[in-house]
Amino acid sequence: MNVPRVATGVYFGFTYNGDGEAVASGLRVYRDEELADGLKFDGRSNILAVVDAIKQDAMFADRVEWSSMAPLIEQASASAESYENYKLYEKLLAALKDGHSSFRRPEDVRLAWDRTRASAAWEVREVGQFGYVKVPPVTGRAQSEGDGASMKVAQQICAISPRADGWMVDLRGNTGGNMWSMLAALSPLLGSGELGYFVGADGSRRPWKLKDPMRCNGELSPVAILIDAQTASAGEMTAIAFLGRDNVRTFGETSAGRTTSISSRRLPDGAALQLVTAFTENRGGVRYGNLVPDVETNSSDAFRAAEQWLSGRARP
């Protein structure tokens with residue numbers, strides 16, 4: 001929690017969406033020296049960092065009407081506390097009109113980036129003669145933790161692969177996070193080589209490649225990708241990594257359409273901007289906005305449609 005320097009007290013409580021009870025115990029307040037070390041909380045250094053980051057990194061920085069924003073930026077520079085300008089940061093990001101750039105407060109950055117973890121359990125199982133993987137959103141940036149969890153999932157896929165006539169990769173409800181952890185877990189089905197590209201405004205292309213993909217012949221299997229309207233960001237990137245591969249078909253609903261690449265810029269007070277810096281293309285060079293499934297169904301019927309398609313490709 002980022003407490004302003006002028007604060008004289010901290011209040012703690014709960015909010016409810018309905019009836020209920022809550023009990024808290026063992027609460028304590030302490031100064032996080034590691035978090036606070038070297039941070040700057042004045043308005044000027046932070047708003048200047050925000051403007052610099054957007055102008056240098058954001059793909060659509062020219063959409064911001066900088067002349068009309070100048071008085072607000074000047075006013076923000078005089079603020080004693082950076083948190084007083086957070087709404088202005090969000091206003092500047094909204095002016096980019098890219099639908100994907102966002103702002104994280106210092107406390108949210110610490111929670112999101114400290115550990116790499118899935119928001120729900122991965123699910124790898126057999127469904128009749130097919131394999132099934134439920135891919136949850138994965139948050140965080142600590143690659144070592146993510147790599148460990150990803151390896152366990154990849155091993156489970158390889159254990160089932162010799163018996164599976166095909167696979168369902170279920171990305172419904174996957175709102176994003178750390179795409180690399182998701183791709184590493186699914187590497188037995190993706191194969192090696194370039195899985196996609198980030199394409200800058202100048203046309204420069206950066207390939208997606210996994211460092212040590214796990215191989216067990218799953219890249220030859222038919223794969224049905226399940227998506228819905230909540231499949232977004234890294235969830236969409238994970239689907240795109242399969243597109244252009246042979247024997248892949250998508251089922252469900254049109255995705256959220258946040259298929260641009262995000263780069264993070266840390267601010268002096270510990271907050272962060274996440275800025276759109278590139279478009280996305282699949283391994284065959286096809287660029288995407290929303291993902292429109294090959295077979296459009298409502299979300300609840302996607303599983304059945306995928307199963308029928310896989311059945312037509314099963315070994316006799």
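This structure is a prediction, so every number in the text was calculated from the model and none was measured. (Residues numbered from 1 in each chain as written. Predicted model: local features only at pLDDT ≥ 70, side-chain atom pairs only at ≥ 80, totals over all residues. Heavy atoms only, no water.)

1. Points about the pattern of salt bridges
The full count for this structure, using the stated rule, is 10 salt bridges. Residue arginine 265 is joined to aspartate 57 by a salt bridge in which the shortest nitrogen-to-oxygen separation is 3.0 Å. Of this pair, arginine 265 sits in strand E11 (residues 261–266) while aspartate 57 sits in helix H2 (residues 43–57), and the two are 208 residues apart along the sequence. A single network of salt bridges, built from pairs that share partners, joins Asp52, Asp57 and Arg265. (Salt bridge = Lys/Arg side-chain N within 4 Å of Asp/Glu carboxyl O. Helix = DSSP H or I, 4+ residues; strand = E, 2+ residues; numbered from the N terminus.)

2. Describing the side chain of aspartate 170
Inspection of the secondary structure puts aspartate 170 in strand E6 (residues 167–170). Judged by its relative accessible area of 1%, aspartate 170 is buried. In contact with aspartate 170, other than residues within four places in its own chain, are Tyr132, Val133, Lys134, Val135 and Leu226. (Buried < 20%, exposed > 50% of the residue type's maximum accessible area, 1.4 Å probe, protein only. Contact = heavy atoms within 4.5 Å.)

3. So, a nonpolar patch on the surface
The grouping of Phe12, Phe14, Tyr16 and Leu27 at the surface amounts to a nonpolar patch, some 460 Å² of accessible area in total. Its place among the elements puts phenylalanine 14 in the segment before helix H1 (33–36). (Patch = residues over 30% accessible without salt bridge, like charges linked within 9 Å, V, L, I, M, F, W, Y side chains within 5 Å. Areas by Shrake-Rupley, 256 points an atom, 1.4 Å probe, with all protein chains shown as cover.)

4. So, the state of the cysteines
Throughout the structure, instances matching the rule amount to one disulfide. The partner cysteine of cysteine 158 in its disulfide is cysteine 216, sulfur to sulfur 2.2 Å. Between cysteine 158 and cysteine 216 the disulfide shows an S-S torsion of about -85°. By sign, it is left-handed. A residue pair is termed long-range when its members are at least 10 positions apart, and cysteine 158 in helix H6 (residues 143–160) and cysteine 216 in the loop between strand E8 (205–208) and strand E9 (223–227) qualify at 58 residues. (Disulfide = S-S within 2.5 Å.)

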